[in-house]
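# Analysis of the macromolecular model
Listed below, chain by chain, are the residues.
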Amino acid sequence: MELDLNILRPQERVSLQLRLLYEQAGFRQYHMGRFEEYGLYRENSRFLSSEQVITFTDLDGRLLALKPDVTLSIAKNAQVEEGGCGRFYYLENVYRPSQESHTFREISQMGLECIGAVDDAVTAQAVSLAIQSLAITGRDYVLELSHMGFVTGLFDAVGAPESIRPRLLTCIRDKNRHELQKCAAEAGLSRQGIDALCRLSGLSGSWNTVLEAAEPLALNAAMGAALTELRTLCRTLEAQGETDRLKLDLSLVNDMEYYNGLVLQGYVTGLPRAVLKGGRYDPLAEQFRPGARAIGYALYLDELARMGQDAPAASDGRRMLNVALPKGRLGDKVYHLLAGIGYGCPEDYNATRKLVVENPEAGIRYFLVKPSDVAIYVEHGAADVGIVGKDILTEASADVYELLDTGLGKCRMCVAAPADYQDDPSRPVRVATKFISIAKSYYASMGRDIDIIKLNGSIELAPILGLSDVIVDIVETGTTLRENGLKVVTEFMPISARFIANKASYQFKHAEMDTMLEKLRAQLQNKEEAK
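### Observations concerning the overall build of the chain
A tally of regular secondary structure across the chain gives 19 helices and 23 strands. Its C-alpha radius of gyration of 25 Å places the chain within 12% of the 24 Å reference for a compact globule of 531 residues. Based on the C-alpha atoms only, the size of the chain along its principal axes is roughly 75 × 65 × 55 Å. A separation of at least 24 residues holds for 69% of the contacts in the chain among residues at least 6 apart in sequence. Accessible surface, the chain: about 25,000 Å² in total, of which carbon and sulfur atoms supply 48%. With 59 positive and 71 negative side-chain charges, the chain shows a separation of 3 Å between the mean positions of the two kinds.

Dropping the structure here:
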């Protein structure tokens, strides 16, 4: 009797097919125990995605941990011949904290690692297997490549201080050009240096087009070497007929301490985030084998369980662009702007109780949601793009692309207090706010202890009634504060509406998004000039 793979769940079917693929490619399965000495993770915490690890003491008094990472264990324990390259694949569960559930998640991963003498041929094999792994899912896919050497070389070339580089990386990763410009200017970078950093977000597309556009930006040997390595790899993959769904995006960056070369991420249609992540991680390999090189990736099998039906297309076969529109004044402003550039709908959503309105001819569909939920809908892929205030975006820490500062709904995040308020440094500050994360981050940057009092409305009442010393809230004109005897103590974050995009949707609908963005920028510019 033949085995019908269609009766299996997606992650079960894929794991069986991947095992066959990796075995035939000469990789050996590496199996490890569920527990690892906690000391391994404590000593190498800079290579972990989070320092939070589940620990316990065993019957012999040893402090153990449920493993939060597979690569670290393989790099430490795998047996590799001197001068050789160890090729391993694995199917393991790891345990990591989840921001969504505020607890730990068990995550099923399948991936491979090449450790030791990693040359161009080994690198090409690993990337080729990543492409084949995505193809096994049976969905349309994109594999993105980048190179950390190009970005770190650019940082050196423009003189970016070490202290500001993590913040610059975050802006580059989120395609957040407006914040990148601001951050780079505050760090004292030259106009030419700022322009060079901002050009990174535009270096995305087919491999030959991106490499040609990146050549003039290669300002030092490190950047040139990164482009040479990418070109060699892509030519090898092209000769094997594996570049149809390959994309270079030089703004794809990751932790500088972990990855030092090639970086790769894979996306599958219908899933809201990357299902494959990996790259070159020589610094970790050298912790256990001086001079060793390493490359690998993990496929997140749990994500594949979420594969469902693809979203319906427009009547003419075009992809529909799904927009999360905030209810209220901001949403109305944005809708009228978009309607003015060809993205209107036949029916007036304000005249109905419908939460979804669309115009198939324009390839647009709007979801009307609470402003505080826009980032959630976009991050989880229910919407492709959305308009959201910077306050909500920051509070949610949403993993999305921040493509445009629209300049709409301008206000600022402030600390406010009674007019006669004097800070008492001998005790924690009592802070009333609905922006818990923002308040914690602001006061942590000052090294100040606080007691948070979470409120959902009428925040100004808290200091008046003695519930708190200060409040952290949005201020537009300041009229409400003045009428209640309060004053602004500090303004610390400008706020306006941002155009955000789901990172996976961007891989498959970037043409539609870029067209909308170009028209929206022009419309906003025209309105600004008309003032």
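That shown, we press on.
### Topic: the sheet that holds strand β1 (residues 28–29)
Reading across the sheet, the nine strands line up as β1-β5-β6-β12-β11-β10-β7-β9-β8 and stay open at both edges, with mixed pairing between neighbours. Among the strands making up the open sheet, the edge pair consists of β1 and β8 (204–205). Running over the sheet, helix α10 (residues 221–239) touches β7 (141–147), β9 (246–249), β10 (262–268) and β11 (276–280) and is turned about 150° from β7.

### Quick notes on a nonpolar patch on the surface
Together, Leu461, Ile464 and Leu465 give the surface a local cluster of nonpolar side chains, amounting to about 300 Å² of exposed area. By the secondary structure assignment, Leu465 is in the loop between α17 (461–464) and β21 (470–475).

### A word on the state of the cysteines
Throughout this description, disulfide means a covalent bond between two cysteine sulfur atoms. Tallied over the full model, the rule gives zero disulfides. Take Cys183: it sits in no disulfide, and the sulfur closest to it among the cysteines is that of Cys171, at 5.3 Å. Judged by relative accessible area, which is 0%, Cys183 ranks as buried. Residue Cys198 stays outside any disulfide, its sulfur separated by 9.3 Å from that of Cys171, the closest cysteine.

### A few points about the packing of helix α5 (residues 148–158) against helix α6 (residues 165–173)
Across the interface, α5 lies against α6 with an axial gap of 12 Å and an inter-helix angle of 125°. Taken together, α5 and α6 sit at an angle that is classed as oblique. The hand of the α5/α6 crossing is right-handed. Here α5 contributes Val151, Thr152, Phe155 and Asp156 to the contact with α6, which in turn contributes Arg165, Leu168, Leu169 and Ile172. Its residues placed into classes, the contact of α5 with α6 shows five nonpolar, one polar and two charged.

### A word on the sheet that holds strand β15 (residues 364–369)
Here we have six strands laid out as an open sheet, ordered β14-β15-β13-β16-β23-β17, and mixed in their pairing. The open sheet has two edge strands with one neighbour each: β14 (356–359) and β17 (401–405). Strand-to-strand, the axes of this sheet are offset by a mean angle of 25°, without reference to chain direction. Bridge count for β17 against strand β23 (residues 497–501) is four bridges, and the pairing is antiparallel. Residue Glu402 lies in a different strand from β23, and its bridge partner there is Ile500. Of the strands in this sheet, β13 (321–326), β15, β16 (385–389), β17 and β23 touch helix α19 (residues 503–530), which is tilted by about 5° from β17.

### Focus: the pattern of salt bridges
Counted according to the given criterion, the structure contains 32 salt bridges. Here Asp140 makes a salt bridge to Arg245, at a shortest N to O gap of 2.9 Å. Of the two residues, Asp140 sits in the loop between α4 (120–136) and β7 while Arg245 sits in the loop between α10 and β9, which places them 105 residues apart along the sequence. Residue classification places Asp140 among the partly exposed positions, given a relative accessible area of 30%. With relative accessibility at 40%, the residue Arg245 sits in the partly exposed group. Bridged by salt links that share partners, the residues Glu179, Lys390, Glu402, Asp405 and Arg498 form one connected network.

### Notes on the pairing of β14
Here β14 shows a clear split, with Val357 and Asn359 buried on one side and none of Val356 and Glu358 buried on the other. Bridging between β14 and β15 involves four bridges; their strand directions are antiparallel. Bridge assignment links Val357 to a residue of β15, and that residue is Tyr366. Turn length for the β14-β15 hairpin, with the two strands adjacent in sequence and antiparallel, is four residues, and the turn residue Gly363 shows positive phi of about 70°.

### Observations concerning helix α13 (residues 329–343)
Taking 1.5 Å of rise per residue, 15 residues should cover 21 Å, yet α13 covers just 18 Å from first to last C-alpha, more than 12% shy of that figure. Taken as a whole, α13 has its buried residues at Gly331, Val334, Tyr335, Leu337, Leu338, Ile341 and Tyr343. Axial view of α13: buried residues confined to an arc of 165°, hence all on one face. Every exposed residue of α13 that faces more than 90 degrees away from the buried side is listed here: Arg329, His336 and Gly340. Where α13 is buried, its residues touch β13, β15, β16 and α19.

Reading guide: rules and limits
Residues numbered from 1 in each chain as written. Predicted model: local features only at pLDDT ≥ 70, side-chain atom pairs only at ≥ 80, totals over all residues. Heavy atoms only, no water. Helix = DSSP H or I, 4+ residues; strand = E, 2+ residues; numbered from the N terminus. Rg over C-alpha atoms; globule rule 2.2 N^0.38 Å. Contact = heavy atoms within 4.5 Å. Areas by Shrake-Rupley, 256 points an atom, 1.4 Å probe, with all protein chains shown as cover. Lys, Arg positive; Asp, Glu negative; His and termini not counted. Charge placed at Lys NZ, Arg CZ, Asp CG, Glu CD. Pairing = 2+ DSSP bridges. Axes fitted to C-alpha atoms, helices over the stretch in contact; angles between N-to-C directions. Patch = residues over 30% accessible without salt bridge, like charges linked within 9 Å, V, L, I, M, F, W, Y side chains within 5 Å. Salt bridge = Lys/Arg side-chain N within 4 Å of Asp/Glu carboxyl O. Disulfide = S-S within 2.5 Å. Buried < 20%, exposed > 50% of the residue type's maximum accessible area, 1.4 Å probe, protein only. Parallel < 35°, antiparallel > 145°, perpendicular 65-115°, else oblique. Left-handed = near helix turned anticlockwise from the far one by under 90°. Nonpolar A, V, L, I, M, F, W, Y, C, P; charged D, E, K, R; others polar. Expected span 1.5 Å × (residues − 1). Arc of directions from axis to C-beta.

Honestly, it's all geometry; don't read function into it.
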